[in-house]
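Listed here are the chains, written in short residue letters.
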Amino acid sequence: MNENINNQEVSIYELVVAVLKAKWVVAVSAILSCTISIALAINLPNYYRSEVLLSPVQESETPGLDGQLGGLASLAGFNLSQGNERTKLALEILKSKQFINKLVTEHNLLPQLMAVKAWVRESDSFVFDEEKYNSQTGKWHRKSNEYLGPEPTVSEIHEAFMSELNIDEDSDSGFIKISFTHQSPNIAKAWLELIVVEVNNTLKRRDIAEANRSIVFLTQQINQAQVAEIKSMLFNLVEEQMKKIMLAESRDEYVLKVIDPALVADVKFKPKRSLIVVLGTFTGGFLAVIAIVLRRLFRNNNHV
């Protein structure tokens, strides 16, 4: 057993000696990797992140609508205990493919989302990747997969958008921080503001449509009701639906309220160039050491 331990110690010693003898190989590999990392880091474009802090709009429960009224309201499609469900619904809608595709399509955001090669600060303009998108004709190109068509698909748009979007919800305070990253700080801010506006408008339109359907249903029930008390309750429900519509129409920040608005970032968010160079240099040297060790081990195995 002692002999095996000594052999193992000798083997480790030999490996260390082999690495020390080839220290120039390790140094050259590290320097080469450092040079490549510097070139890569310099050519990487800057990305800027804009952030907005939101608070859920508190929706108090409608007074006086419990018991039988609550049952009638449920039949009419009126949710009396919404709580934080509206906020969760808003965030799920925000992350959905349908919402993002509609947002990108209606506001013509696709070229700036998926075809930007560089942002020119002086003119606040873009250099587009001509292999993907022709900025003069507005036509898209796809080389690898002709079956998908030249333009990006809904899934590709969603993936590209979500890769730059970050949503952080604090379960304790209820605050929501949403951030968006882009090569242009102006685009990052503008799109973030657009996201908040469109999410609020989407929920507003949905609730107004539901309230109108509820009013139609309740009006039919009023015409059919024979008991005065039931008619009175139904009229109260109609009144609440009208209040809901009026509230939605009068409030811009319908579900999410802006606490800290988005600003144009003046400092880049990524890339971390110094970190790229350090990691690249370390990786080059480490791989050289591994190659030397493996070469030494294989040589010993061949001699056995």
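Residues numbered from 1 in each chain as written. Predicted model: local features only at pLDDT ≥ 70, side-chain atom pairs only at ≥ 80, totals over all residues. Heavy atoms only, no water.

(A) Representation of the packing of aromatic side chains within the structure. All chains considered together, the criterion is met by 7 aromatic pairs. Here the aromatic rings of Phe161 and Phe180 are separated by 5.0 Å at their centres, their planes lie at 45 degrees, and the arrangement is tilted. Here the residue Phe161 occupies a position in helix 7 (residues 154-164), and Phe180 occupies one in strand 7 (residues 176-182), the gap between them amounting to 19 residues. Between the aromatic rings of Phe282 and Phe286, the centroid separation amounts to 5.9 Å while the plane-to-plane angle is 15 degrees, which identifies the pairing as stacked. In this pair, Phe282 and Phe286 are both assigned in helix 10 (residues 273-303), 4 residues apart and thus about one turn of the helix distant. Three or more aromatic residues link up through ring pairs in this structure, and these residues are Phe126, Phe128, Tyr133 and Trp140. The ring of Phe269 carries the charged tip of Arg49 above its face, separated from the ring centre by 4.0 Å. Sitting over the ring of Phe269, Lys272 keeps its end group 5.8 Å from the ring centre. (Phe/Tyr/Trp six-rings, centres within 6.5 Å; stacked < 30°, edge-to-face > 60°. Helix = DSSP H or I, 4+ residues; strand = E, 2+ residues; numbered from the N terminus. Lys NZ or Arg CZ within 6 Å of the ring centre and 35° of its normal.)

(B) Examining the pairing of strand 6 (residues 165-169) more closely. For strand 6 and strand 7, the ladder comprises 5 bridges, and the chain directions are antiparallel. Looking at strand 7, one finds that Ile167 is bridged to Ile178. (Pairing = 2+ DSSP bridges.)

(C) View of the pattern of salt bridges. Taken as a whole and judged by the stated rule, the model has 6 salt bridges. Here Asp207 and Arg86 are joined by a salt bridge, their closest N and O atoms 4.0 Å apart. Of the two residues, Asp207 sits in helix 8 (residues 185-224) while Arg86 sits in helix 4 (residues 85-95), which places them 121 residues apart along the sequence. Of the residues examined, Asp207 reaches a relative accessible area of 7% and is grouped as buried. For the salt bridge of Glu92 with Lys95, the shortest nitrogen-to-oxygen distance reads 3.4 Å. With a gap of 3 residues between them, Glu92 and Lys95 both fall in helix 4, about one helical turn apart. On the basis of relative accessibility, which here comes to 33%, the residue Lys95 falls in the partly exposed class. Overlapping salt bridges, with partners in common, bring together Glu239, Glu240 and Lys243 in one network. (Salt bridge = Lys/Arg side-chain N within 4 Å of Asp/Glu carboxyl O. Buried < 20%, exposed > 50% of the residue type's maximum accessible area, 1.4 Å probe, protein only.)

(D) Broad picture of helix 2 (residues 23-43). In this model, helix 2 (21 residues) spans 30 Å end to end at C-alpha, consistent with the 30 Å of a helix rising 1.5 Å per residue. Taken as a whole, helix 2 has its buried residues at Val26, Ala30, Ser33, Ser37 and Ala41. Angular distribution of buried residues about the axis of helix 2 spans 70 degrees; they occupy a single face of the element. Away from its buried face, by an angle of more than 90 degrees, helix 2 presents the exposed residues Trp24, Val28, Ile31, Leu32, Ile36, Ile42 and Asn43. (Expected span 1.5 Å × (residues − 1). Arc of directions from axis to C-beta.)

(E) Summary view of unusual backbone geometry. With an omega of 5 degrees, the peptide bond running from Lys270 to Pro271 counts as cis. Relative to the helices and strands, Pro271 is located in the loop between strand 8 (256-260) and helix 10. Despite not being glycine, Asn108 has its phi angle at roughly 55 degrees, a positive value. The class for Asn108 is exposed, based on a relative accessible area of 56%.

(F) Inspection of the confidence of the model for the chain at higher detail. Overall, the prediction assigns the chain a mean pLDDT of 81, with 84% of residues at 70 or greater. This stretch, residues 1-10, has a pLDDT under 50; its non-local contacts, to residues over four places away or in other chains, come to 0 contacts. In this model, residues 61-81 is a region of pLDDT below 50 whose contacts with residues beyond four sequence positions or in other chains number 30 contacts. (pLDDT = per-residue confidence, 0-100. Contact = heavy atoms within 4.5 Å.)

(G) Structural detail: the sheet that holds strand 8. As summarised here, the arrangement of the 4 strands in space is 6-7-1-8, forming an open sheet in which the pairing is antiparallel. If you trace the sheet from one side to the other, it starts and ends with strand 6 and strand 8, each paired once. With direction set aside, neighbouring strand axes in the sheet form an average angle of 30 degrees. The pairing of strand 1 (residues 48-56) with strand 8 spans 4 bridges and is classified as antiparallel. Each bridged residue has a counterpart across the sheet, and for Leu54 the counterpart in strand 8 is Val258. Along the sheet, helix 4 contacts strand 1, strand 6, strand 7 and strand 8; its crossing angle with strand 6, the most-contacted strand, is approximately 165 degrees. (Axes fitted to C-alpha atoms, helices over the stretch in contact; angles between N-to-C directions.)

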